[in-house]
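Notes for the structure review
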Amino acid sequence: EFPLHTTSIWLQFSQVKESPVLCPELVLKSVASRKSSLSIKMKKAYNKPKESVFSAEEGYVKMFLRGRPITMHMPQALMASYKLQATSELPAHKLKMEWVYGYRGRDCRSNLYLLPTGEIVYFIASVVVLYNVEEQQQRHYLGHNDDVKCLAIHPDRVTMATGQVTGTTKDGKQLPPHVRVWDSVSLNTLHVIGSGFFDRGISCVSFSKSNGGSHLCAVDDSNEHVLSVWDWQKEAKLAEVKCSNESVLAVSFHPTEANLIVTCGKSHIFFWTMEGNTLSKRQGIYEKQEKPKYILCLAFSENGDVITGDSSGNLVIWGKGTNRISTAVQGAHDGGIFSLCVLNDGTLVSGGGKDRKVVLWDRQYHKVQETEVPEAFGPVRTIAEGKNDGLFIGTTRNCILQGTLSGGYCPIVQGHTDELWGLAAHPSEDRFMTCGHDKLVHYWDPSSHQPIWTKSLDDQSQSVGFHPSGSVVAIGSQTARWMVFDVETKDLVTVHTDGNERLSVMRYSPDGNFLAIGSHDNYVYIYGVAENGRKYSRVGRCSGHSSFITHLDWSTDSRYIITNSGDYEVLYWTPNCKQVPSADVVRDVEWATSTCVLTFQVFGIWPEGADGTDVNGVCRSPDNRLLATADDFGKVNLFSYPCSQPRAPSHKYSGHSSHVTNVTFLHDSSSLISIGGKDTSVIQWSVL
């Protein structure tokens, strides 16, 4: 009655025991457990990464990525003395976060405030930035391990609460979303709230105002958008309730009623009353008013009325303690009202999305004054009161502006709004350039931390490289077009198209006579360059890779090119597009840059069990002492150079929240620049 293999187990079993009772379930369980333990053993054996191999005769190290062998030839002089197991030293230098460029206004709200210290506080990636505009100084709160999504200030104007999304460790484990309460003077973390309770992330957070700020409420990003109230000093949850199946855009405690909380978002405004550990709601009643699709923002008037701005452009005033409308200003803005700010004198400022207008209203909601934010900076996302009659305005294009209603606005923070991949340092000056999928090119001054110029392109860009003279710069796009611009005037010098895939590398030869372009179509296109980067003639294309080009370097004498591809292949070329047949020819070549992730000089950057896509970018410092990498886990890593022992040790630095796409040292090795992918941030690090 049993399958044959079960019977054989039964026979083995019967030889051990005297006269067992046959139990088919037990027998089958035994088979299953044997099979599963065998598969675990096989899996472990299969997953165990292969160790690197050194051949002294041939003078190469063979390393393995995802089981695939990669052979890297070493210089002749090292063949006799090299030892694979020699230990690498940590670099003597370290990095310190000096400046974070950008602001997250694209998809976050109520995230810009002025502190008593004179600093404005906001966030981007996993960094909360405290920026003193007058003194041009930044401080950074670095307690978070992934994207910060919301920010609240305690009535004491010192204590902060910031909420983050679910993080991920290097081995794919999830780090729970939570709220961190911290001191904005010392930057010390005071409490961590809700770890293990919140789902996906925190969309909005608020301190209570009237009971000494002892309570904190938060709404998470779960399907039910759970509203919870906490005694933050005890880290104890007092109440929770499912808020809405639709998105919740704002939450706030009433300024004088300690037990009243207001939430608003897609097709709802709720007035919550907390009694004991229960939260009960009343829905806002629109009566004759047409209900808007979104209630986008809320604030409180001096007398305790609730003021809301909605997607229909209406200002609506809800009588204190009621869920009914007492006044409304129809069409206060053309399009949605994204932000409301009640000033210290009791007047109201509203910020528009579509119309980009900033409007001042008196206490009776009569319009007093209006100005418009320039189109280049985008719609208003949030408004904060500054000193005297000053305002700070965060925009959806990730800018922060400073100004007044009468005098206009100037940008104090600028950044990118979409994924960033292009990064290059000027060859002889303290300057660098960034470009990405938002079609913006920023040419930065790292001492003023402002763009020298900005240009908007027709295409999403992927790569950038300076001519060695520093007079022109080449930018590669997602559409296979590439352009050359004059660095001083930002005028277009020339435009070409090669292939029909994105261009991942633009690299001039050190002598300035060639431009090599690495494409996702598996080819490297070579151009002859004349007249100091102003004249281009195609030499040909290098054909031999069977996957897309990821990285490319020139030799210092401009006679050879080394390329890496998406399938971990390392090939060598001459500028006339001939492949170098033997690695012996190039083993002693000196390379002008080290941006290839697979060479003998850098292979120690790869951690154990690494996937070949884990390291996105690498850069050697111009003084040849350091090597920095950009990885898929949000980290910038600093190694000693050369880095030719397996699994070399490194200093690791956090700040980016998604994959770090690229790194570059400035020309004098004094600073490192790193760029984030989805987090759109640019971080400047001092080399200490």
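We now turn to the structure provided with this report. (Residues numbered from 1 in each chain as written. Predicted model: local features only at pLDDT ≥ 70, side-chain atom pairs only at ≥ 80, totals over all residues. Heavy atoms only, no water.)

Let us now look at the overall build of the protein chain. Across its full length, the protein chain holds two helices and 56 strands. Taking the principal axes of the C-alpha coordinates as reference, the protein chain spans close to 95 × 85 × 45 Å. Taking all 688 residues of the protein chain together, 57% fall into the buried category. Here the contacts in the protein chain between residues at least 6 apart in sequence split such that 46% fall between residues at least 24 apart. For the protein chain, the exposed surface amounts to about 29100 Å²; the carbon and sulfur share of it is 49%. (Helix = DSSP H or I, 4+ residues; strand = E, 2+ residues; numbered from the N terminus. Buried < 20%, exposed > 50% of the residue type's maximum accessible area, 1.4 Å probe, protein only. Contact = heavy atoms within 4.5 Å. Areas by Shrake-Rupley, 256 points an atom, 1.4 Å probe, with all protein chains shown as cover.)

Under the defined criterion, the tally for this structure stands at three cavities of 30 Å³ or more. Lining the largest cavity are 13 residues, with His-73, Tyr-572, Val-586, Trp-591 and Gln-601 positioned closest to its centre. Partitioned by chemical class, the residues of the lining of the largest cavity number nine nonpolar, three polar and one charged. (1 Å grid on protein atoms, 1.4 Å probe; cavity = no way out; pocket = protein on both sides within 12 Å on 5 of 7 lines; lining within 4 Å. Points joined across faces, edges and corners; volume = space filled by probe spheres on them. Nonpolar A, V, L, I, M, F, W, Y, C, P; charged D, E, K, R; others polar.)

Time to look at the sheet that holds strand β8 (residues 137-141). Across the sheet, four strands lie side by side as β5-β6-β7-β8; this open sheet has antiparallel pairing. Unpaired on one side and paired on the other, β5 (113-114) and β8 mark the two borders of the sheet. Sheet topology places strand β6 (residues 119-124) next to strand β7 (residues 127-132); six bridges connect them, and they run antiparallel. The partner of Glu-119 across the bridge, within β7, is Asn-132. (Pairing = 2+ DSSP bridges.)

This part is about the packing of aromatic side chains. Inspection of the entire model under this criterion finds 24 aromatic pairs. Between Tyr-443 and Trp-453, the aromatic rings sit 5.5 Å apart at their centres with planes inclined by 45°, giving tilted as the arrangement. Here Trp-453 lies in strand β38 (residues 450-456) and Tyr-443 lies in strand β37 (residues 440-445), a separation of 10 residues in the sequence. You can call Tyr-443 buried: its relative accessible area is 3%. Aromatic ring contacts, followed pair by pair, group Phe-54, Tyr-82, Phe-600 and Phe-603 into a single cluster. Here Lys-281 stacks its cationic end above the ring of Phe-270, 4.2 Å away from the centre of that ring. Above the ring of Tyr-523, the side-chain terminus of Arg-541 is found at 3.8 Å from the ring centroid. (Phe/Tyr/Trp six-rings, centres within 6.5 Å; stacked < 30°, edge-to-face > 60°. Lys NZ or Arg CZ within 6 Å of the ring centre and 35° of its normal.)

Counting 43 residues, the largest nonpolar core has Ile-120 and Tyr-122 as its most contacted members. When residues in this core are grouped by element, the largest group, five residues, is from strand β4 (residues 95-101). Not counting chain neighbours up to four residues away, the residues in contact with Ile-120 comprise Leu-112, Tyr-113, Leu-114, Val-129, Leu-130, Tyr-131, Val-133, Phe-392, Ile-400 and Ile-412. By size, the runner-up hydrophobic cluster in this structure holds 34 residues, among which are Met-63, Val-586, Val-597 and Phe-600. (Core = buried A, V, L, I, M, F, W, Y, C linked by side-chain atoms within 4.5 Å.)

Attention now goes to the sheet that holds strand β46 (residues 535-542). Ordered by their spatial adjacency, four strands build an open sheet running β43-β44-β45-β46, and the pairing between neighbours is antiparallel. Edge strands, defined here as strands with exactly one partner in the open sheet, are β43 (503-508) and β46. The sheet shows a mean angle of 20° between the axes of neighbouring strands, direction not considered. In this structure, β43 lies alongside strand β44 (residues 514-519), joined through five bridges in antiparallel fashion. Within β44, the residue paired with Met-506 across the bridge is Ile-517. (Axes fitted to C-alpha atoms, helices over the stretch in contact; angles between N-to-C directions.)

Attention shifts here to the environment of Asn-616. Tracing the sequence through the fold places Asn-616 in strand β50 (residues 615-620). Once the C-alpha coordinates of Asn-616 and Thr-550 are considered, the two residues, 66 residues apart in sequence, prove to be 8.7 Å apart.

Bringing the environment of Ser-469 into the picture now. Mapping Ser-469 onto the fold places it in the loop between β39 (461-466) and β40 (472-477). Residue class for Ser-469 comes out partly exposed when judged on its relative accessible area of 34%. Distance in space between the C-alpha atoms of Ser-469 and Pro-427 is 7.3 Å, their sequence separation being 42 residues. A distance of 2.8 Å separates polar atoms of two side chains, one belonging to Ser-469 and the other to His-467. Side-chain polar atoms of Ser-469 contact the side chain of Ser-471, separated by 2.7 Å. (Polar contact = N/O pair within 3.5 Å; in protein donor to acceptor, adjacent residues only side chain to side chain.)

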